[in-house]
Amino acid sequence: MDAAPPSVSRSGASASTQDAGASHKDMANAIRALAMDAVQKANSGHPGMPMGMADVATVLFTRFLKFDPKRPDWPDRDRFVLSAGHGSMLLYALLHLTGYEDMTLEQLKNFRQLGSRTAGHPEYGHATGIETTTGPLGQGLGNAVGMALAERLLNARFGDHAVDHHTYTIVGDGCLMEGLSHEAISLAGHLRLGKLIVLFDDNQISIDGATSLTCGDDQIARFEACGWATRSVDGHDPEAVAAAIAAARNSDRPSLIACRTVIGFGAPSKAGTAKAHGAPLGEDEIAGAREKLGWPHPPFEIPEPVRSAWAAAGARGAEVADAWQARLSGLAAEVRDEFERRMRGDLPTGWREALAAMKQAALEEAPKIATRVSSQRVLDTLAEAIPELIGGSADLTGSNNTKAASQAVISAADFSGGYLHYGVREHAMAAAMNGLALHGGVIPYGGTFLVFADYCRPSIRLSALMGQRVIYVMTHDSIGLGEDGPTHQPVEHLAALRAIPNLLVFRPADTIETAECWELALDSRAAPSVLVLSRQGLPSLRQDASENLSAQGGYILAPAENERQVTLIASGSEVAIALEARAQLGAQGISAAVVSMPCWELFQAQTPHYRDEVLGPGTPRIAIEAGLRQGWDAWLQPDGGFIGMTGFGASAPAKDLYPHFGITAEAVVEAVKARL
């Protein structure tokens, strides 16, 4: 069903290009010229990769890529990811030349300038046609795996008439050196994502010089070992590139096309050297390149025949998009409506009511269970109510409690399920979840231990930067995990995650708060979430679930019985300790309020008046959390106290570790009395 756009030959130039009188060489040189001119004007950037990959990109965009600049968010478009994001001028030049309206010539002239759409590395949301934020090497490859997976998942649900497209990504030597790449290609090969095509810019140059300084990997053998189809071509031979892409499109496995290129192609003295990688070529070198390439035109000037040929390449997808729209319109109304709802990212009706019923049952049962188990109970409800939820875990399903009872397992043979075993690939899981979210139509969540958030962190940061609804389930959240010891006991991780802008970090205290935090994560369409959950059982604390109190970030769980003398603030498993300390203080005539603070970020977003009401100005404040103090002083007054960790944990049962490290109700009481 994924047909080539009209008037396009699989092995030759499009008819529109020929009719316009512009050769492949002219069209590729337009990319090269715009790249070297923009980098030179900015006095900053990476001209070498766009100049080297211009031939490959020209073949892809004029002969194969299914896209429509007038409908940039068309759901069944091919996805193009520039994983080698430092070569951003390649993408910007392509978007400008093919007719994306917001990528004007002025934007190219303002490359890397404040407020421009043309940031140093492509940034999702800055301009249409930028499918993801890239630059940290290897991330785009991981995103592309997620996008290709999303295509298969949606195809299994809605069929070829609605979903049938490819994902292409350009990667460089650096992308393939990053460890993330191995996790990603291993996962893609295992799932046999046949609509994923990787174009490797095999220029054998890195910043330090020739890649032979640091890397002797046989990338073809490496990809083949992971189950990929592979080909090697001359990246400056358009017919060879076209033949390789055509073959890859017909493969039932993901494909690597290693394109041997010359970095800075056309530059008279810097081509093929590291000097072309990350700095302007210089006026003299650019003049020499113009002469060598046969491009006599002034900076930023594209002759009309070339501009027309590129415009024709951009326009050729309109007919395919129209045909897709007609097919979609022909589907049964309920199928079409469901597809469009999912692609909009709207949640289905009825899920809040299902969650409310689950919370009411939890109130009646009042279970003493770990919040990871609470989370699984929530997921058992949500997975049935929200079919687009796609869960997974990095080989910790039974520990993370991330698989709902109704979820079938996704496999290369069957993409109709809702749960993916990612294997011990935390980084690829996180990067792929970004790709799943960016593609649209699915809502990804994935689990691992909180201590391994460090393995996911670069991707979590990009989730936040791009504002994607990705949900990270991080269990075993403190010394409360016990005997596995300090290698697995997170102490600094809460502070580290809270330091990331636009990331919601939830640490619920019981089943009701866990359900509330899941609800908030699903409602958060412009920010990712981390649910931080306990291994050890926790008592039920909430007596009412009629209002989502966690939505305020922090709230008074237990008010002072008389005039408030002290405020105890805690999150997660330590809220129960705070309540016990409140009771002990009350027995000594000291009136304390307990504040549960499951989400700092949401609490910070409340009005100053609300925050003051909760925190009790003028009263001493004591925070209790089984992590480091870092960050807590924002909520404590100058003489505020902290009961928590000051270093790494130890291997022992949890019941012994809390007293050993002084995280007890008695320690809280002493800290309060010392301040009264």
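Definitions and limits used
Residues numbered from 1 in each chain as written. Predicted model: local features only at pLDDT ≥ 70, side-chain atom pairs only at ≥ 80, totals over all residues. Heavy atoms only, no water. Helix = DSSP H or I, 4+ residues; strand = E, 2+ residues; numbered from the N terminus. Rg over C-alpha atoms; globule rule 2.2 N^0.38 Å. Buried < 20%, exposed > 50% of the residue type's maximum accessible area, 1.4 Å probe, protein only. Contact = heavy atoms within 4.5 Å. Lys, Arg positive; Asp, Glu negative; His and termini not counted. Charge placed at Lys NZ, Arg CZ, Asp CG, Glu CD. Axes fitted to C-alpha atoms, helices over the stretch in contact; angles between N-to-C directions. Parallel < 35°, antiparallel > 145°, perpendicular 65-115°, else oblique. Left-handed = near helix turned anticlockwise from the far one by under 90°. Nonpolar A, V, L, I, M, F, W, Y, C, P; charged D, E, K, R; others polar. Core = buried A, V, L, I, M, F, W, Y, C linked by side-chain atoms within 4.5 Å. Disulfide = S-S within 2.5 Å.

### Observations regarding the overall build of the protein
Step number 1: Tallying secondary structure elements over the protein gives 26 helices and 18 strands in all.
Step number 2: What you see for the protein is a C-alpha radius of gyration of 28 Å, in line with the 26 Å of a compact globule of 676 residues.
Step number 3: Across its three principal axes, the protein shows a C-alpha extent of roughly 90 × 55 × 45 Å.
Step number 4: Across the 676 residues that make up the protein, the buried fraction comes to 63%.
Step number 5: For the protein, contacts bridging at least 24 residues in sequence account for 77% of all contacts bridging at least 6.
Step number 6: Of the side chains in the protein, 56 bear a positive and 77 a negative charge, and the two mean positions are spaced by 2 Å.

### A word on the packing of helix 15 (residues 351-365) against helix 21 (residues 511-523)
Step number 1: At a closest axis distance of 9 Å, the pairing of helix 15 and helix 21 adopts a crossing angle of 165°. The angle between the axes of helix 15 and helix 21 places the two elements in the roughly antiparallel class. Once helix 15 is placed against helix 21, the crossing between them reads as right-handed. Between helix 15 and helix 21, the residues in contact are W351, R352, L355, M358, K359, A362 and L363 and T511, I512, A515, E516, E519, L522 and D523, respectively.
Step number 2: Residues belonging to the contact of helix 15 with helix 21 are distributed by class as follows: 8 nonpolar, 1 polar and 5 charged.

### Details of the environment of G553
Step number 1: Take G553: it is sitting in the loop between strand 13 (529-532) and strand 14 (555-558).
Step number 2: Taking the C-alpha atoms as reference points, G553 and D284, separated by 269 residues in sequence, lie 59 Å from one another.

### Section: the nonpolar core
Step number 1: Core analysis: the biggest nonpolar cluster contains 70 residues, and L199 and W310 have the highest contact counts within it.
Step number 2: Sequence-distant contacts of W310, that is, excluding residues within four places in its chain, are made with M27, A30, I31, T58, F61, T62, L94, L97 and T98.
Step number 3: Among the nonpolar cores identified, the runner-up in size contains 68 residues, and A144, A188, I410 and L420 belong to it.

### Considerations on the state of the cysteines
Step number 1: Under the definition given, this model contains 0 disulfides.
Step number 2: Residue C456 stays outside any disulfide, its sulfur separated by 19 Å from that of C599, the closest cysteine.
Step number 3: Judged by its relative accessible area of 0%, C456 is buried.
Step number 4: Here C599 stays free of any disulfide, with the sulfur of C517 as its closest cysteine sulfur at 7.2 Å.

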